[in-house]
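# Reading the structure
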Amino acid sequence: MGLIIVFISIYIHIFNENILTITYSNGLLNIGIGVKEIVYILLISIPPILTVSNIMLANNTCDIEDDIENRRYTLPIYIGRSKALMLFRVLYYIVYIDIVLLIILRIEPIVSVIILFTLIPVNKNIARFFKKQTKKDTFVLAVKNFLLINVTHVLALGIGAIIKLTKAL
């Protein structure tokens, strides 16, 4: 979900750049891929991919007892609660590493550093989720983290675009 939505959003705005072409002629299917651009889109998609994944992981972690009882074999059942919680934390940290990498590679504007400030409330939410995993009390923390990270990311990209347009004028 995180990759496809981001890819389609980018592609519809730059389809004429030929980052992805598919043609069929005389029985031949040709696929052209702008590898550099696709890698950039993948890197930009990591925050929504991992934050959506953490919503699903939090949901499954909160339901672990019910899932065992009902024989639903989710990731937290296979790896255990403690490893599921560790994965929950690590996926968020990968998001921040990705943001730093995007800035260093100049794929994203320097203003994207503001996303790093979301680490403070996200860490607090991770700590709260570690203490108790229930749908009623703490599942919503994964949704809050998703919104906090991704809304800030979109705002940073918007601010960066405005700055770039202002400099071009």
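Below is a short write-up of the structure. (Residues numbered from 1 in each chain as written. Predicted model: local features only at pLDDT ≥ 70, side-chain atom pairs only at ≥ 80, totals over all residues. Heavy atoms only, no water.)

For the structure on display, the rule yields five salt bridges. Here lysine 135 ties to aspartate 63 by a salt bridge, and the two come within 2.9 Å at their closest N and O atoms. Linking lysine 135 in the loop between α6 (119-131) and α7 (139-168) with aspartate 63 in the loop between α2 (35-62) and α3 (64-69), this pair joins segments that are 72 residues apart in sequence. Judged by its relative accessible area of 38%, lysine 135 is partly exposed. Two residues, lysine 132 and aspartate 137, come together in a salt bridge whose shortest N-O distance is 2.8 Å. Note on lysine 132: relative accessible area 41%, which makes it partly exposed. Exposure remark for aspartate 137: the relative accessible area of 29% places this residue in the partly exposed category. Salt bridges sharing common partners tie together Lys132, Lys136 and Asp137. (Salt bridge = Lys/Arg side-chain N within 4 Å of Asp/Glu carboxyl O. Helix = DSSP H or I, 4+ residues; strand = E, 2+ residues; numbered from the N terminus. Buried < 20%, exposed > 50% of the residue type's maximum accessible area, 1.4 Å probe, protein only.)

With that out of the way, let us pick up the nonpolar core. In globular proteins that are soluble, nonpolar side chains generally tend to be buried together. Ala58, Phe88, Tyr92, Leu102, Val122, Phe129 and Ile149 are the most contacted members of the largest nonpolar core, which totals 28 residues. At the level of secondary structure, the elements contributing two or more residues to this core comprise α2, α5 (81-104), α6 and α7. Ranked by residue count, the leading element in this core is α5, at ten residues. Apart from residues no more than four positions distant in its own chain, alanine 58 is found in contact with Phe88, Phe129, Phe139 and Ala142. (Core = buried A, V, L, I, M, F, W, Y, C linked by side-chain atoms within 4.5 Å. Contact = heavy atoms within 4.5 Å.)

Look at α2 against α5: their axes get within 9 Å of each other, and the N-to-C directions meet at 165°. With respect to each other, α2 and α5 are oriented roughly antiparallel. Between α2 and α5 the crossing geometry is left-handed. Classifying every residue of the contact of α2 with α5 gives 18 nonpolar, four polar and two charged. (Axes fitted to C-alpha atoms, helices over the stretch in contact; angles between N-to-C directions. Parallel < 35°, antiparallel > 145°, perpendicular 65-115°, else oblique. Left-handed = near helix turned anticlockwise from the far one by under 90°. Nonpolar A, V, L, I, M, F, W, Y, C, P; charged D, E, K, R; others polar.)

These values are about where atoms sit, not about what they do.
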